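Below are the chains, spelled out letter by letter.
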Amino acid sequence: MKHLHPFIVFLLTTSFYPHKSEIIFSDVDFFGTSMAIHGDELYFPTETHIQKIDLTQTDLSAVQVLEVVEPDNLVFHSNDLYFNTGSTISKIDVTDQSPAAIDVVTSGLDDIYGMAFKGDVLFIADGRFENSMEISDLFKIDVSGSETTPTHVIDGPGAILQGLAFYGDGNELHFISSPGFSDHKILKIDVSQILPCFF
């Protein structure tokens, strides 16, 4: 009888035993749909705080970082953690022992669905109701400046834009378009264009 090649045995065993997810931490107060990692620490929102856990520890316990009502859309830019509460975008320096929130965007937005950085520019998917329909647009703001109102980039192709992400160091911004929370599509735009369009 011939011996099975080790690679074939590996393929057979991994196809019969699917990978399982592992619960590393559980908290009844999770809020929103985002989290962000800075070094070895994972930051996540609850209804009343931003908390963090140290991923290098075996017995994980949450540490409260900031008391804030309903934070969402966490994203890092260097040591600064950006998040929104409603239509306001704020940031904290996570290296501070007692961080204080600093407002970055205070006007021009309605309901934030996602954020992503390209260099010092923060791109924001924002939703609003127009003629009884929920639609969303893409905005941006250079966080190295003093402006507090973002600039409109492009109208969204569908009702909802969310899940913003840049591919590597390039200019392609990918996002999910979900008209009516169905017919989901992943779209991208080249943000280096003066008038970006979807492709």
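Residues numbered from 1 in each chain as written. Predicted model: local features only at pLDDT ≥ 70, side-chain atom pairs only at ≥ 80, totals over all residues. Heavy atoms only, no water.

1. Brief notes about the sheet that holds strand β14 (residues 172–177)
Alright, step 1. Strand order across the open sheet formed by three strands is β13-β14-β15, with antiparallel pairing between neighbours. At either margin of the open sheet sits one strand with a lone partner, and together these are β13 (161–166) and β15 (185–190). The mean angle between the axes of side-by-side strands here comes to 25 degrees, regardless of whether they run parallel or antiparallel.
Alright, step 2. Sheet topology note: the β14/β15 ladder contains six bridges and is antiparallel. Paired with Glu172 across the strands is Asp190, a residue of β15. (Pairing = 2+ DSSP bridges. Helix = DSSP H or I, 4+ residues; strand = E, 2+ residues; numbered from the N terminus. Axes fitted to C-alpha atoms, helices over the stretch in contact; angles between N-to-C directions.)

2. Overview of the layout of surface pockets
Alright, step 1. Here the largest pocket defines a volume of roughly 190 Å³.
Alright, step 2. If you trace the largest pocket, you find it lined by Ile24, Phe25, Phe30, Phe31, Gly32, Thr33, Ser34, Met35, Leu42, Phe44, Pro45 and Ile53.
Alright, step 3. Take the lining of the largest pocket: its biggest share by element is three residues, from strand β2 (residues 41–45).
Alright, step 4. Taken together, the residues of the lining of the largest pocket break down into nine nonpolar, three polar and no charged.
Alright, step 5. Of the volumes computed, that of the second largest pocket is approximately 150 Å³.
Alright, step 6. Around the second largest pocket, the lining residues are Thr33, Ser34, Asn73, Leu74, Val75, Tyr113, Gly114, Met115, Gln162, Gly163 and Leu164.
Alright, step 7. Taken together, the elements giving at least two residues each to the lining of the second largest pocket come down to β5 (72–77), β9 (111–118) and β13. (1 Å grid on protein atoms, 1.4 Å probe; cavity = no way out; pocket = protein on both sides within 12 Å on 5 of 7 lines; lining within 4 Å. Points joined across faces, edges and corners; volume = space filled by probe spheres on them. Nonpolar A, V, L, I, M, F, W, Y, C, P; charged D, E, K, R; others polar.)

3. Some remarks on the nonpolar core
Alright, step 1. Core analysis: the largest hydrophobic core is formed by 15 residues, its most contacted members being Phe123, Leu138, Leu164, Leu173, Phe175 and Ile189.
Alright, step 2. Of all the secondary-structure elements, those providing two or more residues to this core are β9, β10 (121–130), β12 (151–155), β13, β14 and β15.
Alright, step 3. At three residues, β13 tops the list of elements feeding residues into this core.
Alright, step 4. For Leu138, the contacting residues outside a window of four places in its chain are Phe123, Ile124, Ala125, Thr151, His152, Val153, Ile154, Leu161, Leu164, Leu173 and Ile189. (Core = buried A, V, L, I, M, F, W, Y, C linked by side-chain atoms within 4.5 Å. Buried < 20%, exposed > 50% of the residue type's maximum accessible area, 1.4 Å probe, protein only. Contact = heavy atoms within 4.5 Å.)

4. Considering the packing of aromatic side chains
Alright, step 1. In total, this model carries three aromatic pairs according to the counting rule given.
Alright, step 2. Measuring from centroid to centroid gives 5.3 Å for Tyr43 and Phe76, while their planes differ by 70 degrees, and the two rings are edge-to-face. One end of the pair, Tyr43, is in strand β2; the other, Phe76, is in strand β5, with 33 residues separating them in the sequence. Like Phe76, Tyr43 is buried. (Phe/Tyr/Trp six-rings, centres within 6.5 Å; stacked < 30°, edge-to-face > 60°.)

The values reported here are purely geometric and, on their own, carry no functional implication.
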